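# What the coordinates show
Listed below, chain by chain, are the residues.
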Amino acid sequence: MKRQCIKVPKKEGEPTRRVLLELEILDHSAKIASDEKYLYLPIIRELPPVELKELPEVAEIVAYEFEGQDVKPTPEGLLGFSPGYEVIGDIALLEDEAPDPETALKIADALLRTQPNVKTVLKPLTPVIGEFRVREFEVVAGEPRTETIHKEYGCRYKIDLAKAYFTPRLSTERSRILTWVKEGETVVDMFTGVGPYSVLIAKKARPAKVVAIDKNPEAVRLLRENISLNSVKNIEAIEGDAREEAEKFAGTADHVIMNLPHSAHEFLDSAILLTKPGGIIHYYGMTPEDDLFEGSIKMIREAAERAGRNIEVLEEKTVRSYAPHQYNICIEVRIL
């Protein structure tokens, strides 16, 4: 069976391997292959544009028939079904609709036996709740902790899942927003959390400044650690209410990121205030399938009109399915 891989000249093999390891996408279940001129490095998923830039210019994505593969046990093979989980650093987090205790223990055992990088398995006890958007967890197996270091697109993030919300499921979305930002621009991240948008943009896009705001003091503490961890200098980390901070930075933002999908609409007046003429708001919402975008666009337009301004809709995107008949969406709007 053919697999997706990175094809590079042999002299580029080692630097390419290091990049793939850093991005955590090298497929360890297959051996790296070669012919007279090239190496073929198997990968576990497709690479978005932001990751492709990390590779040598001569690198190609091709399909290749890998032989002599090391067959490794998988959670699915041990359990007889596909468990729902996501991996954050070295923590495996079971799905929101967590299984009964006995099944959770079986899944945790399978994950710890087959995933060498997983040291802890957590089960969520609550949905994301409260003003600071946090959850409660139970340690099912492994090391008793909720803190880890997560790697994404060449950035490292210190995360404590019990103190500040984070999901790896938005990694591709974060890389998409990165492509909108140009060198020298100013970005305001209104609900930054531990900084996955802010740190990535500051490190990769070379903006003049990123203003990263969050009301959760633990999130801002972790954000400041992540700024240091990634050696970025152009982020101003602010613990505060986005509405109040908007008044201090009025009219300065080329980009405003509103990643608070359940209640971003409540902050639209502040986002308009932040945005300079021609600037772009990246608005996230939770919407029903029968009104994916129009209702949100209407709210953005009304907020702009209250400020005596107009809008131009640039892009409408469904980010992911959130619940039955409900979707996490993003709308890019230019404020005129």
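Above this text is the structure in question.
Report on the accompanying structure. In every chain, residue numbers begin from 1 and rise along the written sequence. Owing to the predicted nature of the model, reporting of local features is limited to residues with pLDDT of at least 70; listing and counting of side-chain atom pairs is limited to 80 or more, with chain, interface and lining totals taken over all residues. Working from all heavy atoms in the structure, the side-chain values ignore hydrogens and water.

## Here we look at the overall build of the chain
Across its full length, the chain holds ten helices and 17 strands. Here the globule rule reads 2.2 Å times residues to the power 0.38, and the radius of gyration is calculated from C-alpha atoms. Against the globule reference of 20 Å for 336 residues, the chain gives a C-alpha radius of gyration of 21 Å, in line with a compact fold. When the backbone C-alpha atoms are referred to their principal axes, the chain occupies close to 65 × 50 × 40 Å. The 336 residues of the chain split such that 50% are buried. Two residues qualify as a contact provided that any one of their heavy atoms is within 4.5 Å of a heavy atom in the partner residue. By sequence separation, contacts in the chain at least 24 residues apart represent 66% of the contacts at least 6 residues apart. Shrake-Rupley sampling with a 1.4 Å probe provides the accessible areas, and residues are treated as covered by the protein chains on show and by no other component. For the chain, the accessible surface area stands at approximately 16300 Å², while carbon and sulfur atoms represent 49% of it. Strands here mean DSSP runs of E at least two residues long; helices mean DSSP runs of H or I at least four residues long; both are numbered from the N terminus. For the exposure calls, accessible area comes from a 1.4 Å probe over protein chains only, and a residue counts as buried if that area is under 20% of its type's maximum, exposed if over 50%, partly exposed in between.

## What to know about helix H7 (residues 217–229)
A helix is expected to span 1.5 Å multiplied by its residue count minus one. With 13 residues, H7 extends 18 Å between its outermost C-alpha atoms, agreeing within 8% with the 18 Å of an ideal straight helix rising 1.5 Å per residue. Of all the positions in H7, only Ala219, Val220, Leu222, Leu223, Asn226 and Ile227 are classed as buried. The buried residues of H7 occupy an angular sector of 160 degrees when projected down its axis, which confines them to one face. Looking at the buried side of H7, the elements it contacts are strand E10 (155–160), helix H6 (196–204), strand E12 (209–214) and strand E13 (235–239). What qualifies as a polar contact is a pair of N or O atoms within 3.5 Å, subject to a donor-acceptor requirement within protein and to the restriction that residues adjacent in sequence count only when both atoms come from side chains. Of the residues that open H7, the one with a side-chain oxygen 2.9 Å from the backbone nitrogen of Glu218 is Asn216. Positive phi shows up at Ser231, right after H7, with a value of about 55 degrees. Within this analysis, the arc is defined by the directions that extend from the helix axis to the C-beta atoms.

## A word on helix H1 (residues 13–22)
Note on helix geometry: an α-helix contains 3.6 residues per turn, so any two residues three or four positions apart are oriented the same way. When H1 is considered as a whole, its buried residues turn out to be Gly13, Thr16, Val19 and Leu20. All buried residues of H1 fall inside an arc of 130 degrees around its axis, so they share one side. Among the structural elements, strand E1 (2–9) and strand E3 (38–42) are those in contact with the buried residues of H1. Looking one or two places after H1, you find Glu24, whose phi comes out positive at around 60 degrees.

Any functional reading would require information beyond the geometric quantities listed.
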